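Inside the fold
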Amino acid sequence: MKPKCKHRLRLSIGKGADGIYHYKSFTGYGDTPAQARREAERLSREWQVLHKSEPHCSGMKLSEAFQRYIDSRTNVCSPSTIRKYVSISKNNLQSIMNCYVDELTQEMIQQAINTESGTRKPKTVRNIHGLLSAVLKQSGANLSLNTKLPQKIRYVPYVPSNDDINRLIQVAKPDELKIILLAAIGSFRRSEICGFMPCDISGNTITVNRVIVKDTAGKYVVKLQGKSEDSLRTVTLPPHVIEKLVPPDGSEYIVGMNPDNAYKAFKRALKRAGLHDFRLHDLRHYQASILHAMGVPDKYIMARGGWKTDATLKNIYQHAMSEKQKEVDATICDYFTDKFKL
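In this report, the structure presented in the accompanying data block is examined. Bear in mind that the values here come from a model prediction, so they are computed numbers and not experimental data.

Thresholds, definitions, all that
- Residues numbered from 1 in each chain as written.
- Predicted model: local features only at pLDDT ≥ 70, side-chain atom pairs only at ≥ 80, totals over all residues.
- Heavy atoms only, no water.
- Core = buried A, V, L, I, M, F, W, Y, C linked by side-chain atoms within 4.5 Å.
- Buried < 20%, exposed > 50% of the residue type's maximum accessible area, 1.4 Å probe, protein only.
- Helix = DSSP H or I, 4+ residues; strand = E, 2+ residues; numbered from the N terminus.
- Contact = heavy atoms within 4.5 Å.
- Axes fitted to C-alpha atoms, helices over the stretch in contact; angles between N-to-C directions.
- Parallel < 35°, antiparallel > 145°, perpendicular 65-115°, else oblique.
- Left-handed = near helix turned anticlockwise from the far one by under 90°.
- Nonpolar A, V, L, I, M, F, W, Y, C, P; charged D, E, K, R; others polar.
- Salt bridge = Lys/Arg side-chain N within 4 Å of Asp/Glu carboxyl O.
- Pairing = 2+ DSSP bridges.
- Expected span 1.5 Å × (residues − 1).

Right, let's talk about the nonpolar core for a bit. L168, I206, L245 and L283 are the most contacted members of the largest nonpolar core, which totals 39 residues. Looking at this core, the elements that each hand over two or more residues are helix 6 (162-171), helix 7 (174-184), helix 9 (239-245), helix 10 (259-273) and helix 11 (282-293). Element by element, the count of residues in this core is highest for helix 7, at seven residues. Ignoring anything within four residues of it in the chain, the contact list for L245 reads K178, L182, I201, I206, L237 and I254. Membership of the second largest hydrophobic core comes to 24 residues, among which are F66, I70, I88 and A112.

Next up, the structure:
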């Protein structure tokens, strides 16, 4: 039987960033007015206990929560990461950015993610949702997300061949050659390549001591640390490669370009060589696949390439193995074609 009485209790949860006081309502039901009031008071007490250690959430808009999250990580995350966070806060989830954190519902978040999915790649949408989840957790929101996200699209990397690398080397200009050698043989990222100075070379080794990345304003800056602790590494290179890296004119940097211009230089060499269009980053995949074929253990490949996990390596190997399988299948078919004339 439905309770006869109900009692609505309104609790002040403080003044928000807009200077207006905000309230939360609790409705209790009972057979008598007293029972209904006690039930509403019980619900109110339970809510206050849950949120006692997280009062900063009350009256805070999502946009403000995003800004607080970004501010709290400005000195510990890379400039490029902070730039991505700022971009998301300004350009994504706009339908809920002006909503109060403690009033957000799963339905509102799902609708916002649905909107993003209409124009963004699945990986981008997942990154947006991941940041949103972290922001809500830091803000103290009592909301457990169960958002339906777009299905991942499996990325199939291109792994250049030895012939690809040789053709690039033959047509590359001096700075282009340095970029190609450092990426393909040193397995360095373009931010690392552009940050190298002659003083980073010692004998036949070169050490990552700095990277060049964009700050929140989109301006290139020098950062004295890599993408992760694993990025700060020393790699041994063949002597004839080291010789090609030392600037003959005493330049401050080994490659006198920022990462954008380095990528464009690589693309020019790629076009000049008449090769299939692929990324500079794919030269790192080339090295990983070669080392794997040589029987080098994954932990050494990860150390040389500055990978924190083996997820990327597994994706590269899977692709390389599928290509090898095609060669094996063709050899098998050729054998039986020659053996049996039907």
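Moving on from the coordinates now.
Attention now moves to the packing of helix 11 against helix 12 (residues 298-305). In the contact formed by helix 11 and helix 12, the axes pass within 10 Å of each other and the chain directions differ by 155°. In terms of their interaxial angle, helix 11 and helix 12 are classed as roughly antiparallel. Considering how the two elements wind past one another, helix 11 and helix 12 form a crossing that is right-handed. Residues R284, Q287, A288, L291 and H292 of helix 11 form the contact with helix 12, whose participating residues are D298, I301, R304 and G305. Residues that form the contact of helix 11 with helix 12 fall into these classes: three nonpolar, three polar and three charged.

A separate point is helix 7. The buried fraction of helix 7 is high, at nine of eleven residues. Along helix 7, the residues classified as buried are E176, L177, K178, I179, I180, L181, L182, A183 and A184.

Attention shifts here to the pattern of salt bridges. Scanning the entire structure with this criterion turns up 15 salt bridges. A salt bridge links D163 to R167; its shortest N-O distance comes to 3.8 Å. With a gap of four residues between them, D163 and R167 both fall in helix 6, about one helical turn apart. Judged by its relative accessible area of 34%, R167 is partly exposed. Beyond isolated ion pairs, a larger network of salt bridges with shared partners links E39, R42 and E46.

What follows is about unusual backbone geometry. Glycine aside, residues mostly have negative phi angles, and peptide bonds mostly take the trans form. Positioned with a positive phi, L93 is a non-glycine residue whose angle comes to about 55°. Its location among the elements puts L93 in the loop between helix 3 (79-91) and helix 4 (106-117). One non-glycine residue, S187, adopts positive backbone phi at about 60°. Mapped onto the elements, S187 comes out in the loop between helix 7 and helix 8 (190-193).

Note that Q110 resides in helix 4. Under the relative-accessibility criterion, Q110 is labelled buried at 17%. Once you skip the residues sitting within four places of it in the chain, Q110 turns out to touch T147 and K148.

The strand order across the open sheet formed by three strands is 3-4-7, and the pairing between neighbours is antiparallel. The sheet is open, and its two edges are formed by strand 3 (201-202) and strand 7 (234-236), each paired on a single side.

Quick look at helix 5 (residues 122-139) now. Under the 1.5 Å per step criterion, the end-to-end length of helix 5 is 26 Å for 18 residues, consistent within 8% with the ideal 26 Å. Listed in full, the buried residues belonging to helix 5 are P122, V125, I128, H129, L131, L132, V135, L136 and S139. Buried-residue contacts for helix 5 involve helix 2 (62-73), helix 3 and helix 4. Looking one or two residues past helix 5, G140 carries a phi angle of roughly 90°, positive in sign.

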